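Here are the chains, one letter per residue:
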Amino acid sequence: MSYPDIQLFTAATMNGWKPLIFLEEAGAEYELVGVDFSTRAHKAPDFLALNPNGKIPALIDRGNNDFAVFESGAMLWYLAEKYGQFLSADPNTRSETLQWLMLQMGGVGPAMGQAMFFARFAEDAGQASAAATARFTGESRRLFEVLDTRLQERDWLVGDAYSIADMAIFPWVRCHSWATISMDGLDHLAAWIERLDARPAVARALQLPNPAPKFLARYD
Ligand SMILES: N[C@@H](CCC(=O)N[C@@H](CS)C(=O)NCC(=O)O)C(=O)O
């Protein structure tokens, strides 16, 4: 029996969807292993051997001596190189794509993750902090405005092609309601969300590894 090269360990979260979007878009065969946080499987020794940070997503490439990759941005980059898709070979376009990918990893993801924590979980746990909520929702909104400006005269974040930068940022921005970030006046960013939502591969990925959770709802 032969197995597909990629074994992907993930869950239905903003970071977890990124490699799923890539693999669905690339039409690559892969084995999907859904990680259930409630079992703490992602903190067990066999998972920590893949990702010492104990978080999803992570992958094993059986076609590359079981090479393990963690951190969703690094995974998108690895997959783009393996399959030769969604990352330009032109050095400057490639650099620009990685710049926007890093903006997601270092900016959009952390700011929105904290906004979600303070606006939702801390609130529900009776640990609300108005200052923390304002800081992280404010920073997220500022980053949304950067993205909206970037998309004023282009369909995709870099050059004229859909890339791993779009795949990285989309799941986060798509969950703006859950992070309580207003989209008011951000028409270019809203149109970009529509373009991505209309892609069959993206729609498939957002239903994996199990039906979309409530935080995916567009209008909460
Ligand atoms: N920087 C990491 C973040 C990974 C991350 O935060 N994963 C979350 C889900 S989105 C997770 O595994 N949470 C479960 C936990 O921390 O126990 C990446 O982009 O891969």
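Quick caveat, the model's predicted, so the values are computed rather than measured.

Calculation criteria
Residues numbered from 1 in each chain as written. Predicted model: local features only at pLDDT ≥ 70, side-chain atom pairs only at ≥ 80, totals over all residues. Heavy atoms only, no water. Domains from an automatic or database assignment. Contact = heavy atoms within 4.5 Å. Buried area = accessible area lost by both parts, 1.4 Å probe. Salt bridge = Lys/Arg side-chain N within 4 Å of Asp/Glu carboxyl O. Polar contact = N/O pair within 3.5 Å; in protein donor to acceptor, adjacent residues only side chain to side chain. Near = heavy atom within 4 Å. Areas by Shrake-Rupley, 256 points an atom, 1.4 Å probe, with all protein chains shown as cover. Helix = DSSP H or I, 4+ residues; strand = E, 2+ residues; numbered from the N terminus. Buried < 20%, exposed > 50% of the residue type's maximum accessible area, 1.4 Å probe, protein only.

Chemist: Would you take a moment to explain the domain arrangement of the protein for this structure?
Modeler: It is common to give the size of an interface as the accessible area lost on bringing the parts into contact. The domain architecture assigned to the protein consists of domain 1 (6-83) and domain 2 (91-216). Domain 1 and domain 2 are separated by 20 Å when their C-alpha centres are compared. Listed as interface residues are 23 residues of domain 1 and, on the opposing side, 27 residues of domain 2. Carbon and sulfur atoms make up 76% of the surface buried where domain 1 meets domain 2, a total of about 2100 Å² over both sides. When residues of domain 1 are sorted by the area they lose upon contact with domain 2, Met-14, Trp-17 and Ile-21 head the list and together hold 32% of the total. Inspection of the domain 1/domain 2 interface yields 3 salt bridges. When the shortest N-O distance is used, the salt bridge between Arg-94 and Glu-81 registers 2.5 Å. Along the contact surface separating domain 1 from domain 2 lie 7 residue pairs in polar contact (both at pLDDT 80 or more).

Chemist: Hey, could you run me through the site of the ligand in this one?
Modeler: Inspection of the region around the ligand gives Thr-13, Asn-15, Phe-37, His-42, Lys-43, Lys-55, Ile-56, Pro-57, Glu-71, Ser-72 and Met-105 as its neighbouring residues. In the model, an oxygen atom of the ligand is placed 2.6 Å from a nitrogen or oxygen of the Lys-55 side chain. In the environment of the ligand, an oxygen atom lies 2.6 Å from a nitrogen or oxygen atom belonging to the side chain of Ser-72. Summarising the interface, the protein chains cover 76% of the accessible area of the ligand, which totals 510 Å² for the free molecule.

Chemist: Sorry, what's going on with the pattern of salt bridges here?
Modeler: It is possible for side chains of opposite charge to pair when their charged atoms get near one another. One pass over the full model with this rule turns up 11 salt bridges. Asp-61 is the partner of Lys-82 in a salt bridge, and the nearest nitrogen-oxygen pair spans 3.1 Å. With Lys-82 in helix α3 (residues 72-83) and Asp-61 in strand β3 (residues 58-61), the pair connects residues that are 21 residues apart, well separated along the chain. The class for Lys-82 is partly exposed, based on a relative accessible area of 30%. Judged by its relative accessible area of 1%, Asp-61 is buried. Between Glu-145 and Arg-141 there is a salt bridge whose closest N-O contact spans 2.7 Å.

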